[in-house]
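Here are the chains, one letter per residue:
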Amino acid sequence: MTKLSTLKGVCDVLPPEIYTWNRIEETSKEVFKSFGFHEVKIPVIEHSELFIRSIGETTDIVGKEMYTFMDKGGRSITLRPEGTAGMVRSYVENNLHLLPSPQKFHYYGPMFRYERPQKGRLRQFYQIGVEALGSASPLVDAEVITMAHTFFQKLNLTNLTIELNSIGCNKCRGTYRNAIVEFFSKKGVLCNDCQVRIAKNPLRMLDCKVERCVEQRTGAPVILDYICEECKTHHERLKELLTAINIDYKENPHIVRGLDYYNRTAFEITTEHLGAQKAVAAGGRYDNLVSDFNGPATPAVGFAIGIERLVALVGVTQNQNNPVFYIAPLGKDAEDKAFVLSQSLRQRAIVTECGDGLHSLKNHLKRADKLNASFVVIIGENELKTSQVLCKRLSDAFQKEIGIDDIDTLIAFAAEKPGATA
Ligand code: ATP
Ligand code: MG
C-alpha cells in the first residue's frame, strides 16, 4: 500500500505544540467570559447558499476557495470557510434575539478554504470567532477590540498592531464606489479578477494581492474622505473609547476585508513577525446580515482569530502533562500493586505513569527520566513484604519510604520543596 499522508494544506497538531493550542483556547475562554460572551458550537457543514448569500459571490472566498460538494441527497453542501455566516443563521433560526441584548457569542473550530498553501495559510485552519449582536453602539465595537487586545496581552503578545478603518454604510459607499471606479478606469491593465471586480464589486479591488494591482492602487481615493456624518461619528466615538483605555491603534484606510457583509468598522490585528501572512485577527461590523437572512433588524460586530498564526507567535508552551509519579514495579506481583497505586493517584487527578513488571530498575529509571517524571515510586519484592514503597525525587535523588496505601503522605512528599527535607 502506498504511504498515506495528509491532504495538501492540512496539518496534524501534535505534542508539544498542542499545549500552546490548549493554552490559547483556555485563555480565550477566560477572557471572553469576563466580557460576558457565551460559547456556542455551530456546524462545520452548511448549505452552500448560506455562504454565497452572506460572504458574496464576487469575493475570493466564494469565487475560488469554497470546499463544496453534493451530498447523497443531491444537496450542495459547503465546509464552512468562516463562522459568522453560520452564527447568523443560528441566531435567526433559534430566535436568539429574544435573549438579553447584546447577545454575545464565541466559537472555536476548523475552517476550510481552498487556498494555495504556504506558511500561515492552510486549507484547514482554526479560528476563534466572536460575535456581538443587537447593538449599533460604537461601545460594542470598542468592547470587542478591547477583548481581542486583552486576550493577546494575556498571551504576552504586546507588539501587535490594531489597524482600524471605516468602510462606511450602504448610504455613503455608493459615492466612494464611483470614485474608485473612476480612479481605476484611468489605470493600466488590471488582473483578470479586478477586471470583473471593477464592474461587479469595485471595493474588492482594494483587497487584491496581485502585485500589478497593488502598485496601481497608490493614490487611490480613501474611504474615510467619503463616509457620511453618522459613519464618521461612529468611527470617531470608537477611537475615543479606545483612547480612553489607552489602547493604541493605527488608522489604515486600505482595510476593506475579504467579505461583503461588513459596514462601518473594519479592523485587522497584525504582526511584523510572520512574513506575508500579517493578520492574526480580523473583523468588523455587519449591521445588515441578520436582516438579509430574514431575521429582525440586528446590528452586529465581531472578529476571528487565526489560531495557526497565533500559535506561531506564542511559541512552545511547557508540556503540562509530564508525570508527577512514575511507578516502577519489579516483577509481576509488584505490577498489581503498582497498577492499583497508579489508579488511586490518577483519581486524585495526579499525572501518573505506570511501568510494567517486566523492566529492570535501571530501565524504569531511564524511562522515568525520558518522560520527565518528577518522582519514581519503586515497588520490589522487599517493598511488597514490608508494605513500604521507596519514593525518589529525581531532581536531587532524595528518597523516602512511604506506606504503600498511604496516598496522602505520598502526595505531601511530592509537594515538598527540594532542600526542605534534604
Ligand atoms: P488573509 O488576508 O490573510 O487572507 P482573510 O482576510 O482571508 O485573511 P479572515 O477571513 O478575516 O481572513 O479570517 C480571520 C483570520 O483567520 C485571519 O486574520 C487569519 O489569521 C486567519 N486565516 C484566514 N485564512 C487563513 C488560512 N487560509 N490559513 C490560516 N489562517 C487563516
Ligand atoms: Mg484570505
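Residues numbered from 1 in each chain as written. Chains lettered and ligands numbered in written order. Predicted model: local features only at pLDDT ≥ 70, side-chain atom pairs only at ≥ 80, totals over all residues. Heavy atoms only, no water.

In terms of regular secondary structure, the chain is built from 15 helices and 16 strands. Its C-alpha radius of gyration of 28 Å places the chain more than 25% over the 22 Å reference for a compact globule of 422 residues. For the chain, the spread of C-alpha atoms along the three principal axes comes to 90 × 60 × 45 Å. Across the 422 residues in the chain, those meeting the buried criterion constitute 48%. Taking the contacts inside the chain whose residues are at least 6 apart along the sequence as the reference set, 68% of them involve residues at least 24 apart. As displayed, the chain has an accessible area near 21,300 Å², and 51% of this comes from carbon and sulfur atoms. (Helix = DSSP H or I, 4+ residues; strand = E, 2+ residues; numbered from the N terminus. Rg over C-alpha atoms; globule rule 2.2 N^0.38 Å. Buried < 20%, exposed > 50% of the residue type's maximum accessible area, 1.4 Å probe, protein only. Contact = heavy atoms within 4.5 Å. Areas by Shrake-Rupley, 256 points an atom, 1.4 Å probe, with all protein chains shown as cover.)

Glancing now at the side chain of Arg123. Within the element layout of this structure, Arg123 appears in the loop between β5 (103-112) and β6 (124-133). Despite its burial, Arg123 pairs with no opposite charge; the closest candidate is Glu115, at 8.4 Å N-O. The residues touching Arg123, leaving out its near neighbours within four places in the chain, are Lys8, Gly9, Tyr67, Met111, Phe112, Arg113, Tyr114, Glu115 and Pro117. (Lys, Arg positive; Asp, Glu negative; His and termini not counted. Salt bridge = Lys/Arg side-chain N within 4 Å of Asp/Glu carboxyl O.)

A few words on the site of ligand 1. In the vicinity of ligand 1, 16 residues are found, and the nearest of them are Arg113, Glu115, Arg121, Leu122 and Arg257. Here an oxygen atom of ligand 1 sits 2.9 Å away from a polar atom, N or O, in the side chain of Arg121. In the environment of ligand 1, an oxygen atom lies 3.4 Å from a nitrogen or oxygen atom belonging to the backbone of Gly306. Taken by itself ligand 1 offers 580 Å² of open surface, and the protein chains cover 92% of this. Listing elements by their share of the shell around ligand 1, those giving two or more residues are β6, β10 (279-285) and β11 (300-306). Here the shell around ligand 1 gets 4 residues from one element, more than from any other, and that element is β10. Partitioned by chemical class, the residues of the shell around ligand 1 number 7 nonpolar, 3 polar and 6 charged. (Near = heavy atom within 4 Å. Polar contact = N/O pair within 3.5 Å; in protein donor to acceptor, adjacent residues only side chain to side chain. Nonpolar A, V, L, I, M, F, W, Y, C, P; charged D, E, K, R; others polar.)

Relative to strand β4 (residues 76-79), strand β3 (residues 67-70) is paired through 4 bridges, and the arrangement is antiparallel. Counted as the bridge partner of Phe69 is Ile77 from β4. With antiparallel pairing between neighbouring strands as the criterion, β3 and β4 make up a hairpin whose turn holds 5 residues, including Gly74 at a positive phi of roughly 75 degrees. (Pairing = 2+ DSSP bridges.)

All right, on to the domain arrangement of the chain then. Per the domain assignment, the segments making up the chain are domain 1 (17-172 + 227-314) and domain 2 (325-415). Spacing between the C-alpha centres of domain 1 and domain 2 amounts to 49 Å. (Domains from an automatic or database assignment.)

Strand pairing in a sheet is mediated by backbone hydrogen bonds. Such pairs are either parallel or antiparallel. A sheet is described by the order of its strands in space; here 5 strands give the open sequence β13-β12-β14-β15-β16, paired in mixed fashion. Two strands close off the open sheet at either side, each with one partner strand: β13 (352-354) and β16 (399-403). Each neighbouring strand pair of the sheet contributes to a mean axis angle of 25 degrees, computed without reference to strand direction. In this structure, strand β14 (residues 375-379) lies alongside strand β15 (residues 388-393), joined through 4 bridges in antiparallel fashion. Directly across from Val376, in β15, lies its bridge partner Lys392. Helix α13 (residues 361-370) contacts β12 (325-329), β13 and β14 of the sheet and is inclined by roughly 165 degrees relative to β12. Here helix α15 (residues 407-415) sits on the sheet and contacts β12, β14, β15 and β16; the angle it forms with β16, its principal contact strand, is near 160 degrees. (Axes fitted to C-alpha atoms, helices over the stretch in contact; angles between N-to-C directions.)

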